[in-house]
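# Overview (structure and organization)
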Amino acid sequence: MTSTLKNTALLPAFLLAGAMPALAQDGVAAAQANIDAYTGIPEFEAPGEPFDAKSCMEGKSILTVPASSAIPFVKTIADGKDALAETLGFTHEQWENQGNPTQWIQGIEYAGNNGFDLVSLLAGADPRFFEPQVAAAQDKGVKVVTSHLTGLEIDGPAGVDANTAIDYKQAGKLMADWTIARTDGQVNALILVSNEALSTDSLTAGLTEAFDENCPDCTYEIVNVPIVDWANRIQPTVQGKLQANADLNYVIPIYDSMSTFVTPAIAIAGKRDSVKVATFNGTPFVLDLVRDGSVEMDIGENLDWIAHAMLDAEMRLLCGLEPITDSKVPLRVFTADNISEVGTPAEASQGYGDAYVQGYRDLWIMSE
């Protein structure tokens, strides 16, 4: 595990004295303004033109290879794609795995050997680890796409047929801005990342950019924990950092399923009142942690909306339409103030309105 310490200057004298100059005040205000812009119900924006999805997908098949079936966020999206495909009348299967690239390769090979039309590498299954196998599947007529893998500003991996992106960079900015606004610019944070996921690049860029712009004197440490090691390494890592840094006031796990292992470490240390958690993804069980106070803020993506958006892009590709790069999946900040809107217990599709459901039905020309 490697770590990088960023912006480690001591708190300036004006903060110790309780004063804050105009420049610092401007940064806190800018951070709060960004948060405020993402607290309401998002609007549906169509990613492309309507098409008759049911007719053009008849007889076609898609295999989704998740980053890891053990991550609730990813599994929920894949399950959503299952349900939508059943409604539309075509075959969709999942390649169950535990986040090992060797297992991703097995999924690619299964698709090529079993007549699938498209493989969707979902939310972290990265084709850079198996370029020859991608090419071999394509030689058999299988389209290979990445979905929910990169930020909008990053090109998809070379060799795939299409890449449908998410605004990960903005999500990173929102996590940083939340901590800046809540501490009046006195952040001392531990940021947990998984560098093997391409989305991490955009999330980290958003975090560091927001700190540079709105709180250059904030302190944070970035620690990499690979996805396959979350269960074994996150909790002891957080416990160790809490012991070593008595001034730590935030843990930012950039993927909210990490919170499973973060919150126990904070509780064991007896620091739930002083060390808060701000995170991203909107996985239902983590939204429930927002309700009980274990997590302070979660930037949510409607997981059902993501399932619609990724499948929409994949169907368009199989139907010969223009590939979709920007999925138009929105973000929403969830806190104690609005967490009641996601249901009890939280549901993947609640808290975002329902305009997207009819929006996609209209796009796919589905009759009532």
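First, a word on what this report is: a plain description of the structure on this page. (Residues numbered from 1 in each chain as written. Predicted model: local features only at pLDDT ≥ 70, side-chain atom pairs only at ≥ 80, totals over all residues. Heavy atoms only, no water.)

## Some points on the nonpolar core
The biggest cluster of nonpolar side chains holds 98 residues, and the ones touching the most others in it are Phe-211, Val-238 and Trp-364. Tallying contributions element by element places helix α12 (residues 303-318) first for this core, with 10 residues. (Core = buried A, V, L, I, M, F, W, Y, C linked by side-chain atoms within 4.5 Å. Buried < 20%, exposed > 50% of the residue type's maximum accessible area, 1.4 Å probe, protein only. Helix = DSSP H or I, 4+ residues; strand = E, 2+ residues; numbered from the N terminus.)

## Some points on the sheet that holds strand β4 (residues 118-122)
Spatially, 5 strands are ordered β3-β2-β4-β5-β6 in an open sheet, and the strand pairing comes out parallel. Sheet topology places β3 (91-94) and β6 (162-166) at the edges, where each strand pairs with a single neighbour. Taking each pair of neighbouring strands and ignoring which way they run, the sheet shows an average axis angle of 20°. As defined by bridge partners, β4 adjoins strand β5 (residues 143-151) across 5 bridges and the pair is classed as parallel. (Pairing = 2+ DSSP bridges. Axes fitted to C-alpha atoms, helices over the stretch in contact; angles between N-to-C directions.)

## Describing the layout of surface pockets
Computed from the structure, the second largest pocket encloses a volume of approximately 290 Å³. Tyr-38, Lys-328, Val-329, Pro-330 and Leu-331 are, among the 14 residues lining the second largest pocket, the residues nearest its centre. The residue inventory of the lining of the second largest pocket, partitioned by class, reads 8 nonpolar, 1 polar and 5 charged. (1 Å grid on protein atoms, 1.4 Å probe; cavity = no way out; pocket = protein on both sides within 12 Å on 5 of 7 lines; lining within 4 Å. Points joined across faces, edges and corners; volume = space filled by probe spheres on them. Nonpolar A, V, L, I, M, F, W, Y, C, P; charged D, E, K, R; others polar.)

## Re the state of the cysteines
Evaluation of the coordinates by the stated rule reveals 2 disulfides. Disulfide pairing places Cys-56 opposite Cys-319 at an S-S distance of 1.7 Å. With the S-S dihedral at roughly 55°, the linkage between Cys-56 and Cys-319 falls on the right-handed side. In this pair, Cys-56 sits in helix α3 (residues 53-56) while Cys-319 sits in the loop between α12 and β12 (332-334), placing the two residues 263 residues apart along the sequence. Exposure remark for Cys-319: the relative accessible area of 21% places this residue in the partly exposed category. Among the cysteines of the protein chain that take part in disulfides, numbered as they appear in the sequence, the pairing is 1-4, 2-3. (Disulfide = S-S within 2.5 Å.)

## Some points on the pairing of strand β7 (residues 188-193)
Where burial is concerned, most of β7 is hidden: 6 out of the 6 residues are buried. Burial of β7 is two-sided: the residues Asn-188, Leu-190 and Leu-192 facing one way and the residues Ala-189, Ile-191 and Val-193 facing the other way are all buried. In this structure, β7 lies alongside strand β9 (residues 250-253), joined through 4 bridges in parallel fashion. The partner of Ala-189 across the bridge, within β9, is Tyr-250.

## Regarding helix α9 (residues 230-244)
Residues three or four positions apart in an α-helix share a direction because the helix packs 3.6 residues into each turn. For α9, with 15 residues, the first-to-last C-alpha span of 20 Å sits near the 21 Å given by 1.5 Å per residue. Among all positions in α9, only Trp-230, Ile-234, Thr-237, Val-238 and Leu-242 are buried. The arc that holds every buried residue of α9, seen down its axis, measures 130°, which confines them to one face. Residues of α9 that are exposed and angled more than 90 degrees away from the buried face: Asn-232, Gln-243 and Ala-244. Buried residues in α9 make contact with β7, β8 (219-224), β9 and α10 (259-268). (Expected span 1.5 Å × (residues − 1). Arc of directions from axis to C-beta. Contact = heavy atoms within 4.5 Å.)

In short, geometric facts, not functional conclusions.
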